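# Structural description and commentary
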Amino acid sequence: MGKDNFSGPINFGNQEYIQKLLEDYRRDPSSVAQDWSAFFQGVDFANLNRDGLSSTAKTSSIGGGSDDLRIKVLVNSYRKYGHLMANTNPMLPPLQEPTELSLSTLGFDVSELTKPFPTLGLSRQTILPLESIIHRLRELYSSTISYETDHIESGEFRDWIHSRIASLSGEVDKEFYRHLILKLFKAKEFELFLQKKFLGAKRFSIEGGETFLPMMDELLNLAAWNKYKSCVIGMAHRGRLNLLCNLRNKPYSDLFREFEGSGLPTENEGLGDVKYHKGYEHEVMTRSLQAIQTVLAANPSHLESVDPVVLGITLAKQKQTGGVDSVLPILIHGDASVAGQGVVYETLQLLNIKGYSVGGCIHIVINNQIGFTAEPEETRSTRYCTDIAKAFSVPIIHVNAEDPVACIKAVVLAFEARHRFKTDVFIDLNCHRLFGHNESDEPRFTNPKLYQKIKEKDHIYKLFSTQLISKGVVLDQEVVQMEKEVEQELTKAFEEVSHREPPKNPHIIEELNEKSKRVTFQEVTTKISKEKFLRLAEKITYIPQEFMAHPKIRKLFESRYSELKGDLDHPVIDWASAELLAYASLVEEGFHVRLSGEDSKRGTFSHRHAAVVDQEKGELYIPLTKISPTQAPFEVYSSPLSEFAVMGFDYGYSLAYPKSLVIWEGQFGDFVNGAQIILDQYFSSSETKWGQTASLVLYLPHGYEGMGPEHTSCRIERFLQLAALDNMRIVIPSTPAQWFHLIRKQVLASPQKPLVIATPKSMLRLNSSFSTPREIIEGSFQYFMGDHQKAKRLLLCSGKIFHELAPKKGEAAIIRIEQVYPFHREKFLQILGPYRECKDVRFVQEEPANQGTWEYLRPIFREIFKEEVRYIGRPSSSVPDTGFARLFKIQQEEIIREATL
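From a predicted model like this one, the values you see are computed outputs, not experimental measurements. All residue numbers refer to position in the chain's written sequence, counted from 1. Whole-chain, interface and lining totals are the exception, using all residues; otherwise, since this is a predicted model, local features are given only for residues with pLDDT of at least 70 and side-chain atom pairs are given and counted only at 80 or more. With hydrogens and water excluded, all non-hydrogen atoms of the structure serve as input to the side-chain values.

## Quick notes on the overall build of the protein
Numbering of helices and strands runs from the N terminus; a helix is a DSSP stretch of H or I covering at least four residues, while a strand is a stretch of E covering at least two. When helices and strands are tallied, the protein shows 32 helices and 24 strands. Structurally, the protein occupies a C-alpha span of about 105 × 85 × 50 Å along its principal axes. Here the protein holds 901 residues, and the buried ones make up 56% of them. Residues count as neighbours in contact if any of their non-hydrogen atoms are within 4.5 Å of one another. The long-range fraction of contacts in the protein, counting pairs at least 24 apart against all pairs at least 6 apart in sequence, stands at 77%. Looking at the protein as shown, the accessible area adds up to about 38300 Å², and 51% of this sits on carbon and sulfur atoms. Averaging the coordinates of the 107 positive side-chain charges in the protein and doing the same for the 116 negative ones gives two points 4 Å apart. Here the term buried applies to any residue with accessible area under 20% of the maximum for its type, exposed to any over 50%, and partly exposed to those in between, with areas from a 1.4 Å probe on protein chains only. Areas reported as accessible are Shrake-Rupley estimates using a 1.4 Å probe. Residue values count occlusion only from the protein chains shown. Neither His nor the chain termini are counted; the positive set is Lys and Arg, and the negative set is Asp and Glu. For this purpose, a charge sits on NZ of Lys, CZ of Arg, CG of Asp or CD of Glu.

Okay, here's the thing in structure tokens:
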């Protein structure tokens, strides 16, 4: 048959004809027209790229293809499958060649190994024998370093990675070899020294993965050389002490003193934490003689919890120092934790989200093949612990810790990829763990085979130094002298500590007890002038005429402004107006405001509307960014549906952005329990453990409206259980003016403390709760609010329940407890005044007796009142509220009736 020409689009009604051409092409590619031959080659290549190379049909099609096509398929196959036979795991024997990379699968014959082919896809295009091309591909993709890039969506990014892999030389100069061997020895000797001097003490050794230290050293060097101002590092305990001393320059003597356990807290310190949880901030001089500031974030034993905290710190620093190329985040993971802990996924999800993206993060997984006692098949369902990264289209580099040069190559590629493409990069550092989970643990109880292999291994330093000496790269006497100097440095630091007398303080218990009772009540001016009030009222309600806002939103804004500019004594300020006025006043005064949370732009209850959407173009108009030309930034973000990672992020952000207002908002108050680890280990305890004061504000919608067990309570009792040592503020405001002054006080007071606010739901539109402009202009935050009337019965309450009690209180007086913790006893006694001798005192709350504020306030009331305060509220329960609307109404009515009877 003749060679039919191919022209125009394929008509699928001619499938039989096309199938016949394909069969001819399979038998003899030259039997069909050149354009049809090119078409079928393209189809074959696309299918091979997409589906792999295992079928016989594909094998025959490759074998019958051109040399260029076959080489392209060969190169592509090594890029895709090379990791399957790479020697990246020092605990495994050499891997067998996978079927996908066999000569027959790739369409070659053994007889072609000496045949010359074009080196397409490698660094330099030339002609080489097939066996040389395969050797080169194995060097690049199947040696002690391998890559996974096939999942990356961007073709440009993939092409750049493979081009850089091919061009990165594995050779370094002698001076760098000496630097590398010094870092390895210091890492090894540090661990051995601690083992000898503090036998059995927990240190979570990095032995078996010492190459991690020179990798981090090179990362800092690359960052400093490229003019980054700082690096923010998050890591768990494995290797942390080694990093602190041998990279972050923490004095050995300081650490030895902590091992001796002879220290006591000073006046300005908290209760402290174990040495492998503490953070550290220090300037490091890199090998290129460039200085860089480094921050090692404090991290509890909840291994991956620090991940979002580090990114929050990073973004705050980037905003203050020059963008994503000014601060580099580095996260260090364990193999079991990176695969097993959900916060890793939540944190990765922030990669490209505005308001949370930091321009990429470098991840290093210290993959010691075990999680405490669990082996890999017990800790994940995937081939690699890093497979989670594939969901986010980021490159993965697997590398053998016993090849330090390959590890440095991995670091260089990771840094360049992040720097150029603003993406995350994962390095899977395959190594082993010399001891058990800690140094007093016996790993052979549960992992005898693994630890038999480990017993037979030499230190990485010994393997590498022997290799360099044998090659003449360094001299034996040079190595001996270096070892001697390092040993002397450690010994000298230890002797300094051992000659010191431990501090003595016989009154330490009394001092701690006294400190636990000490709290601060900052009094600051939060009112604003009438002129400022009216100016800001106009600004926060203005929408340009050409902006196509939703008609209801425009009407709402116009109505707000009309009311705000009216009578100063008329209660027209609703909760949203008070909140927005507070933000406007702060940004005008130069204080940065960040509001982040689920649905925060609009507000869960469609009340805030901090960002207005153009109904035609979809663009945003944010009035709070238009307050003045010199204002501080205002930012509002509707976050991903994550509590753990987003709250952790905002907590970190608040640490690194001083004198700012940083708010995390829950869609409903009980959603906060999704971030309980952040609350327990950071928000409530960082000052006590690490001397680290955050200023994060939590907005937690709270109130009983018959919505059922969920969406009702922010679990205020849990915060009160965590409240001690003046560590936070817990407030239940009952009016918009209180909220306004509280927001301003949070920024203007010093020192700033974490703040929990039980924010309103149904009260948002409750007219009787609204405030007057005069309360904004002349008022201040009140710890307690009373009605100043004589009465024989006194009701104590907080929040929404007040507005239900007030119309029915009769001759009773009501005192609202606005700030629950710390409880301002002096202010309470002042407002209590004429009711001090009252014998009928009732505490009223909507929550069950074992929830809410009752159990916290009860002992305080016992010290103040002569008579027992009577509790009125729901009985103790395992849930906040009933799911039956009718039962809720009956209970609520009974509470009001019993309180006012």
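## Focus on the packing of helix α7 (residues 174-197) against helix α10 (residues 252-260)
As a packed pair, α7 and α10 sit with axes 12 Å apart at the nearest point and diverge in direction by 30°. The orientation of α7 with respect to α10, classified from their angle, is roughly parallel. Once α7 is placed against α10, the crossing between them reads as right-handed. Along the contact surface, α7 presents Lys186, Phe190, Phe193 and Leu194, while α10 presents Tyr252, Leu255, Phe256 and Phe259. Residues are grouped as follows: Ala, Val, Leu, Ile, Met, Phe, Trp, Tyr, Cys and Pro are nonpolar; Asp, Glu, Lys and Arg are charged; every other residue, Gly included, is polar. When its residues are assigned to classes, the contact of α7 with α10 shows seven nonpolar, no polar and one charged. Throughout, an axis means a line fitted to C-alpha atoms (over the contacting stretch in the case of helices), and angles, computed between N-to-C directions, take values from 0 to 180 degrees. Oblique is the label for every angle not falling under 35 degrees (roughly parallel), over 145 degrees (roughly antiparallel), or within 65 to 115 degrees (roughly perpendicular). Helix crossings are classified by the rotation of the near helix relative to the far one: an anticlockwise turn of less than a right angle makes the crossing left-handed, while a clockwise turn makes it right-handed.

## So, the sheet that holds strand β23 (residues 840-848)
Sheets are built from strands paired through backbone hydrogen bonds, the pairs being either parallel or antiparallel. In this scheme, strands are said to pair when DSSP sees at least two bridges between them. In space, the five strands of this open sheet follow the order β19-β21-β20-β23-β24, with mixed pairing throughout. At either end of the open sheet lies a strand with only one pairing partner, and these are β19 (784-786) and β24 (870-874). Direction aside, the axes of adjacent strands within the sheet are offset by 20° on average. Note: β23 against β24, four bridges, orientation parallel. By the bridge assignment, Phe843 is partnered in β24 with Tyr871. Relative to the sheet, helix α31 (residues 854-864) contacts β20 (793-797), β21 (813-817), β23 and β24, its axis offset from that of β23 by approximately 165°. Helix-sheet contacts for helix α32 (residues 885-900) involve β20, β23 and β24, and the interaxial angle to β24 is about 165°.

## Re unusual backbone geometry
Cis geometry marks the peptide bond from Ser750 to Pro751; its omega dihedral reads 0°. Relative to the helices and strands, Pro751 resides in the loop between α27 (736-748) and β18 (755-759). Here the amide bond leading from Tyr821 into Pro822 is cis, since omega sits at -10°, within 30 degrees of zero. Positive phi, normally seen in glycine, also occurs at Gln369, with a value near 70°. Summarising the element assignment, Gln369 is placed in the loop between β8 (362-367) and α14 (376-379). Look at Lys422: it is not a glycine, yet its phi comes out positive at around 55°. Here Lys422 is to be found in the loop between α15 (404-421) and β10 (425-430). In this structure Lys422 comes out as partly exposed when scored by relative accessible area, which is 28%.

## Comments concerning the nonpolar core
The set of buried Ala, Val, Leu, Ile, Met, Phe, Trp, Tyr and Cys residues whose side-chain atoms join them within 4.5 Å is what this entry labels a nonpolar core. If you look at the biggest cluster of nonpolar residues, it comprises 125 residues, and the most contacted ones within it are Tyr583, Leu698, Leu794, Phe828, Phe861 and Phe865. Not counting the four nearest positions on each side in its chain, Phe861 is found in contact with Leu796, Ile817, Phe828, Phe843, Trp854 and Val869.

## With respect to the side chain of Ser769
Along the chain, Ser769 falls in the loop between β18 and α28 (773-778). Classification of Ser769 by relative accessible area gives buried; the value is 1%. Engagement of the side chain of Ser769 in a polar contact is seen with the side chain of Trp575, the distance being 3.0 Å. Within 3.5 Å is the distance limit for a polar contact, defined as a pair of N or O atoms, with the added protein rule that one can donate a hydrogen and the other accept it, and that residues adjacent in sequence qualify only through two side-chain atoms. A distance of 3.3 Å separates a polar atom in the side chain of Ser769 from the backbone oxygen of Met763. Beyond its immediate stretch of four places on either side in the chain, Ser769 contacts Trp575, Ser734, Thr735, Pro736, Met763 and His803.

## Description of the packing of α10 against helix α18 (residues 476-498)
Interaxial distance between α10 and α18 falls to 9 Å at its minimum, and their mutual angle equals 50°. Considering the angle they form, α10 stands oblique to α18. Here α10 runs over α18; the crossing is right-handed. Only Glu489, Leu490, Ala493, Phe494, Glu496, Val497 and Ser498 of α18 make contact with α10, whose side of the interface consists of Tyr252, Ser253, Phe256, Arg257 and Glu260. Residue classes in the contact of α10 with α18 are distributed as six nonpolar, two polar and four charged.

Everything listed here is a matter of geometry and, on its own, says nothing about what the molecule does.
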